[in-house]
Amino acid sequence: KYVPNYMPLFELGKMAVDPAFQGHKLGQQLMQYLLDFAKQQQWSKLILYSNTVLENAIYIYQKVGFKIIPLEKNLPYNRSNIKMELNL
């Protein structure tokens, strides 16, 4: 069914770096790869759910422009306490 002005929404799933490889900016490289891919695909927006205890991840998300947005009432993930979005 055609929906005028419909913009698909894409969610960033779990992004993690093995502890043995942390501290080498691999998370930032993964994020840049994701952003380049999303732009090539002409995606308009990315969302993600996370938890504020993951301070390094939240830092990376904010560094590339993700903004905190309100959480909905029925969260899709039990451990999430933060939702973010990035308009591309």
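Shown above is the structure to which this text applies.
Computed from a prediction, not measured in an experiment: that's the story for all the values here. (Residues numbered from 1 in each chain as written. Predicted model: local features only at pLDDT ≥ 70, side-chain atom pairs only at ≥ 80, totals over all residues. Heavy atoms only, no water.)

### Digging into the pattern of salt bridges
Applied cut-off: Here, a salt bridge means any Lys or Arg side-chain nitrogen found within 4 Å of an Asp or Glu carboxyl oxygen. Note on conventions: DSSP H or I runs of at least 4 residues are helices, E runs of at least 2 residues are strands, and numbering of each starts at the N terminus. Three exposure classes are used, based on accessible area relative to the maximum for each residue type with a 1.4 Å probe and protein chains only: buried under 20%, partly exposed in between, and exposed over 50%.
Applying the stated rule across the entire model yields two salt bridges. Notably, a salt bridge pairs Lys-45 with Glu-85, separated by 3.4 Å at the nearest N-O pair. Of this pair, Lys-45 sits in strand S2 (residues 45-50) while Glu-85 sits in strand S4 (residues 82-87); the two residues are 40 residues apart in sequence, bridging distant segments of the chain. On the basis of relative accessible area, Glu-85 is assigned to the buried category, the value being 19%. Ionic pairing is found between Glu-72 and Lys-83, a salt bridge with its closest N-O pair at 3.1 Å. Remark: Lys-83 occurs in strand S4 and Glu-72 occurs in the loop between strand S3 (67-69) and S4; sequence separation between them is eleven residues. Exposure remark for Lys-83: the relative accessible area of 13% places this residue in the buried category.

### A closer look at unusual backbone geometry
Non-glycine residue Lys-25 carries a positive phi angle of around 65 degrees. Along the chain, the position of Lys-25 falls in the loop between strand S1 (10-11) and helix H1 (26-40). Positive phi, close to 60 degrees, is recorded for Gln-42, a residue that is not glycine. Its location among the elements puts Gln-42 in the loop between H1 and S2. Overall, Gln-42 belongs to the exposed group, its relative accessible area being 71%.

Purely geometric stuff here, so don't read any function into it on its own.
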